[in-house]
Amino acid sequence: MPVSILFVCLGNICRSPLAEGAFRAEAARRGLDAEADSAGTGGWHRGEPPDRRAIAAARRNGVDISGLRARQVTRADFDRFDRILALDAENLADLERLRPPGSRARLSLLLDHVPGREGEAVADPYYGGDRHFDETWRDVAEAARALARELIEEDAA
Ligand code: 4NP
């Protein structure tokens, strides 16, 4: 059974599509059997592709996220996914409020999986420039590497 991971930010057009893209690339590189998706706590951008600056930042790193489409997280996601990873603390608090009691997914902050970066947020680059999107890429790529390592170790245990 592949492990299933959902990345969640606010709009699902900047940070979580970048996290999904970085994780998919890392999983493919390591031969990890995983399914990934992303969603937003808000629904304003439903059906839209990622922000063009996010698409460009991913492309600079060899990853194509242009085919992704934004959606809002649903209560059903808490039983569809093994793990739900929040990009910042506000996203995590919103997810904790939405979570149906007894649901299966393990919820955590994305950067909690990076040793030494526990509790840190992936900053929202929406009001920033290309430099901020490159920073977002570095954060989510570091998290993707750490998460893949963790999942491979768990699978072997
Ligand atoms: P994201 O960035 O949560 O990383 O996708 C944002 C995108 C859109 C908005 C806020 C944050 N917005 O307010 O529309």
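Quick caveat, the model's predicted, so the values are computed rather than measured.

> When you look at the overall build of the chain in this model, what are you seeing that I'm missing?
Counting its secondary structure elements, the chain contains five helices and four strands. Listing the helices and strands of the chain from first to last along the sequence gives β-α-β-α-α-β-α-β-α. Considering only C-alpha atoms, the chain reaches an extent of 40 × 30 × 30 Å along its principal axes. Taking all 157 residues of the chain together, 51% fall into the buried category. Summarising the internal contacts of the chain: among those between residues at least 6 apart in sequence, 69% fall at separations of at least 24. Carbon and sulfur atoms provide 48% of the accessible area of the chain, an area that totals close to 7,700 Å². Counting 23 positive and 28 negative side-chain charges, the chain places the averaged centre of each group 3 Å from the other.

> Looking at this model, I keep getting lost on the side chain of aspartate 139. Mind explaining?
Position of aspartate 139 relative to the elements: it lies in helix H5 (residues 130-156). Given a relative accessible area of 15%, aspartate 139 falls into the buried group.

> Sorry, what's going on with the packing of helix H1 (residues 15-30) against H5 here?
The angle between the axes and the distance between the axes are what describe a pair of packed helices. Closest axis-to-axis distance for the H1/H5 pair is 8 Å, and the angle between their directions is 45°. Taken as axis vectors, H1 and H5 run oblique relative to one another. Regarding H1 and H5, the two cross each other, and that crossing is right-handed. Together, Arg15, Leu18, Ala19, Ala22, Phe23, Glu26 and Arg30 of H1 and Phe133, Thr136, Trp137, Val140, Ala141, Ala144, Arg145, Leu147, Ala148, Arg149, Leu151 and Ile152 of H5 make up the contact between the two elements. A per-class count over the contact of H1 with H5 returns 13 nonpolar, one polar and five charged.

> Can you help me understand the state of the cysteines in this one?
Two cysteines form a disulfide when their sulfur atoms are joined by a covalent bond. For the coordinates displayed, the defined rule picks out zero disulfides. As a non-bridged cysteine, cysteine 9 has cysteine 14 as the owner of its nearest cysteine sulfur, 7.0 Å distant. Taking the relative accessible area as the measure of exposure, cysteine 9 reaches 2% and is therefore buried.

> How should I be thinking about the pairing of strand E4 (residues 106-109) in this particular structure?
Look at any regular strand and the pattern is simple: side chains alternate between the two faces of the sheet. Taken together, the four bridges between strand E3 (residues 83-86) and E4 define a ladder with parallel strand orientation. Bridge pairing in E4 places isoleucine 84 opposite leucine 107. Crossover connection from E3 via helix H4 (residues 89-98) to parallel E4: handedness right-handed.

> For this particular structure, what's the right way to read the sheet that holds E4?
Two strands in a sheet stick together by hydrogen bonds in their backbones, pointing the same way (parallel) or opposite ways (antiparallel). On the basis of which strands lie adjacent, the open sheet formed by four strands has the order E2-E1-E3-E4 and parallel pairing. Pairing within the sheet leaves two strands with one partner each, and these edge strands are strand E2 (34-40) and E4. Across the sheet, the mean angle from the axis of one strand to that of its neighbour is 20°, orientation sign disregarded. Note that strand E1 (residues 3-9) and E2 share seven bridges and pair parallel. Residue isoleucine 5 lies in a different strand from E2, and its bridge partner there is alanine 36. This element, H1, spans E1 and E2 of the sheet and lies at about 175° to E2.

> Would you take a moment to explain H5 for this structure?
For H5, built from 27 residues, the straight-helix expectation of 39 Å at 1.5 Å per residue is met to within 8% by its first-to-last C-alpha distance of 39 Å. Within the span of H5, buried status applies to Phe133, Thr136, Trp137, Asp139, Val140, Ala141, Ala143, Ala144, Ala146, Leu147, Ala148 and Leu151. Buried residues in H5 make contact with E1, H1, helix H2 (52-60) and E3.

> How should the pairing of E3 be read in this particular structure?
Neither face of E3 is left uncovered, since the one carrying Arg83 and Leu85 and the one carrying Ile84 and Ala86 both have all their residues buried. Of the strand pairs in this sheet, E1 and E3 are connected by four bridges, and their pairing is parallel. Bridge pairing in E3 links phenylalanine 7 to leucine 85.

What counts as what
- Residues numbered from 1 in each chain as written.
- Predicted model: local features only at pLDDT ≥ 70, side-chain atom pairs only at ≥ 80, totals over all residues.
- Heavy atoms only, no water.
- Helix = DSSP H or I, 4+ residues; strand = E, 2+ residues; numbered from the N terminus.
- Buried < 20%, exposed > 50% of the residue type's maximum accessible area, 1.4 Å probe, protein only.
- Contact = heavy atoms within 4.5 Å.
- Areas by Shrake-Rupley, 256 points an atom, 1.4 Å probe, with all protein chains shown as cover.
- Lys, Arg positive; Asp, Glu negative; His and termini not counted.
- Charge placed at Lys NZ, Arg CZ, Asp CG, Glu CD.
- Axes fitted to C-alpha atoms, helices over the stretch in contact; angles between N-to-C directions.
- Parallel < 35°, antiparallel > 145°, perpendicular 65-115°, else oblique.
- Left-handed = near helix turned anticlockwise from the far one by under 90°.
- Nonpolar A, V, L, I, M, F, W, Y, C, P; charged D, E, K, R; others polar.
- Disulfide = S-S within 2.5 Å.
- Pairing = 2+ DSSP bridges.
- Right-handed = clockwise from strand over helix to strand, strands pointing away.
- Expected span 1.5 Å × (residues − 1).

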